[in-house]
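In case you want the letters, here they are:
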Amino acid sequence: MDTLGSIGEIAVLRRLFPRLPEAESTIVGPGDDAAVLAVPDARIVITTDTMVQGPDFRRAWSSPFQLGWKAAVSNLSDVAAMGARPTALLVALIAPADKSVTELEELADGFREACAALAPGCGVVGGDLSVADSLTLAITAFGSLDGREPVLRSGARPGDVVAVSGALGLAGEGIRLLFERGVDAEGEPSAEAAAALRPEFDDVLDAQLTPRSPIADGALAADAGATAMLDVSDGLVLDARRIARASGVRIDFRAGDLDTGAVALERVLHGGEDHALLATFPAGTNLPGGFRAIGKVAEGEGVSLDGEALDERGGWDPYADWDGQAG
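Please read all numbers here as calculations on a predicted model, not as lab measurements. (Residues numbered from 1 in each chain as written. Predicted model: local features only at pLDDT ≥ 70, side-chain atom pairs only at ≥ 80, totals over all residues. Heavy atoms only, no water.)

What about the overall build of the protein chain?
Moving on, step 1. Helix and strand content of the protein chain: ten helices and 13 strands.
Moving on, step 2. A compact globule built from 327 residues would reach a C-alpha radius of gyration of about 20 Å, and the protein chain, at 20 Å, matches this within 12%.
Moving on, step 3. Referenced to the eigenvectors of the C-alpha coordinate spread, the extents of the protein chain come out at roughly 60 × 55 × 30 Å.
Moving on, step 4. Each of the 327 residues in the protein chain was classed as buried or not, and the buried ones make up 50%.
Moving on, step 5. Nonlocal contacts in the protein chain, meaning residues at least 24 apart in sequence, comprise 86% of its contacts between residues at least 6 apart.
Moving on, step 6. Carbon and sulfur atoms form 51% of the exposed surface of the protein chain, whose accessible area is close to 14,200 Å². (Helix = DSSP H or I, 4+ residues; strand = E, 2+ residues; numbered from the N terminus. Rg over C-alpha atoms; globule rule 2.2 N^0.38 Å. Buried < 20%, exposed > 50% of the residue type's maximum accessible area, 1.4 Å probe, protein only. Contact = heavy atoms within 4.5 Å. Areas by Shrake-Rupley, 256 points an atom, 1.4 Å probe, with all protein chains shown as cover.)

So, in structure tokens, the structure goes:
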């Protein structure tokens, strides 16, 4: 079995590069000291995110393909939340020396398929490869506003409609299920126990492990006049509070408009990692794409449900919620 340590960086990269998605904006791609990209707008949207074994994923629950997919989506959705079109990714991969090259190829496949499905034209233009005891991915994403103004968190105004595009609560239900039933007799993450949960729970497990963020709806929201927007990665209430704080307003959700389906309302409000898009629009706006109204912007501060304040922190905070186990 070829591993990162046995065949070395150059040979590994030769196997990975052909599997990675190519960005349409590439002038100079992987292979030189830096990439060169065509910039269709005078402004560039840039974001970065890190996935660390332990607080962000457990190897027993996530395949290499799923890790690549989720790492791509978590960054693509941040670009989309600015009202931009994702154009390129830089991928820094730190892996154990005994990591199978086949697994790294599968991880690259996850990046390729996520970009193809959710952000056509976006690809990997470079990055870095290094060795450490645990697996870490650090991604930098670039996007183009294509002439639009960026949609910030600070533009919501009283009277605006609060709307969301994408699923809410499914990813949170998925991680709850994995922690409760995807473990062995000692409570350690178990690939076998997680596999046994399928196909009964395919939808919630897929929402957690291979989320499908509505990337294209970010630009559609900007075109429709969205006044504020962000990626719902840490939980609906926690992230909505960020818009409320930045805009100096109160976000009031309507319980009747929060489609819970088989997911408890608590999970919809506080579950994280759905990577939906939460936005505010002027009253009367014809909501674009998959956006649906779930509340309104009011005077005041914080977040409420049918007028009742939601004061608990809610959502996911890796510094507070990580148990310290690599998994």
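Now that the structure is up, let's keep going.
Let's talk about the pattern of salt bridges
Moving on, step 1. Enumeration according to the criterion identifies 22 salt bridges in this entry.
Moving on, step 2. In this structure, the salt-bridge partner of R242 is D234, at a minimum N-O distance of 2.9 Å.
Moving on, step 3. A residue is classified by how much of its surface remains accessible, and R242, at 27% relative accessible area, is partly exposed.
Moving on, step 4. Put simply, D2, R15, R19, E105, D109, R112 and E113 are held in one network by salt bridges that share partners. (Salt bridge = Lys/Arg side-chain N within 4 Å of Asp/Glu carboxyl O.)

Here's the deal with the packing of aromatic side chains
Moving on, step 1. All chains considered together, the criterion is met by three aromatic pairs.
Moving on, step 2. A ring pair is formed by W61 and F179, whose centres lie 5.0 Å apart and whose planes are at 85°; its orientation type is edge-to-face. Highlighted residues: W61 in the loop between β3 (44-52) and α2 (64-80) and F179 in helix α4 (residues 170-181), separated in sequence by 118 residues.
Moving on, step 3. Taking relative accessible area as the criterion, W61 reaches 7% and is therefore assigned buried. (Phe/Tyr/Trp six-rings, centres within 6.5 Å; stacked < 30°, edge-to-face > 60°.)

So, the pairing of strand β4 (residues 85-95)
Moving on, step 1. Bridge analysis of β4 against strand β6 (residues 136-144) gives nine bridges, and the strand direction is antiparallel. Bridge pairing in β6 links V91 to I139.
Moving on, step 2. In terms of strand pairing, β4 meets strand β5 (residues 123-131) through eight bridges, oriented parallel. By the bridge assignment, L89 is partnered in β5 with V124.
Moving on, step 3. On the question of chirality, the crossover connecting β4 to the parallel β5 by way of helix α3 (residues 101-118) is right-handed. (Pairing = 2+ DSSP bridges. Right-handed = clockwise from strand over helix to strand, strands pointing away.)

Some details on a negative patch on the surface
Moving on, step 1. Together, D184, E186, E188 and E192 make up a region of like negative charge exposed at the surface.
Moving on, step 2. Checked against the element boundaries, D184 lands in the loop between α4 and α5 (191-196). (Patch = residues over 30% accessible without salt bridge, like charges linked within 9 Å, V, L, I, M, F, W, Y side chains within 5 Å. Lys, Arg positive; Asp, Glu negative; His and termini not counted. Charge placed at Lys NZ, Arg CZ, Asp CG, Glu CD.)

Topic: α3
Moving on, step 1. Compared with the 26 Å implied by 1.5 Å per residue over 18 residues, the 26 Å span of α3 between its first and last C-alpha is a close match.
Moving on, step 2. Near the N-terminus of α3, the side chain that reaches the backbone nitrogen of T102, with its oxygen 3.1 Å away, is that of S100. (Expected span 1.5 Å × (residues − 1). Polar contact = N/O pair within 3.5 Å; in protein donor to acceptor, adjacent residues only side chain to side chain.)

Considerations on the sheet that holds β6
Moving on, step 1. Read from one edge of the open sheet, four strands run β3-β6-β4-β5, paired in mixed fashion. Each edge of the open sheet is held by one strand with a lone partner, namely β3 and β5. Looking at each pair of strands side by side, their axes are set apart by 15° on average, direction ignored.
Moving on, step 2. Seen against the sheet, helix α1 (residues 4-16) touches β4 and β5 and runs at an angle of roughly 155° to β5.
Moving on, step 3. Relative to β4, α3 is tilted by about 165°, and along the sheet it contacts β4, β5 and β6. (Axes fitted to C-alpha atoms, helices over the stretch in contact; angles between N-to-C directions.)

Quick look at unusual backbone geometry
Moving on, step 1. Each neighbour pair has its own omega, and for R198 with P199 the value is 5°, a cis peptide bond.
Moving on, step 2. Mapped onto the elements of the fold, P199 is located in the loop between α5 and α6 (202-209).
Moving on, step 3. Positive phi outside glycine occurs at H275, with the angle close to 55°.
Moving on, step 4. Relative to the elements of secondary structure, H275 occurs in the loop between α9 (265-270) and β10 (276-281).
Moving on, step 5. Given the relative accessible area of 5%, H275 is considered buried.
Moving on, step 6. With a phi angle near 50°, D306 is a residue other than glycine that sits in the positive phi range.
Moving on, step 7. Turning to its location among the elements, D306 is positioned in the loop between β12 (302-305) and β13 (308-309).

Distances and angles like these do not, on their own, reveal function.
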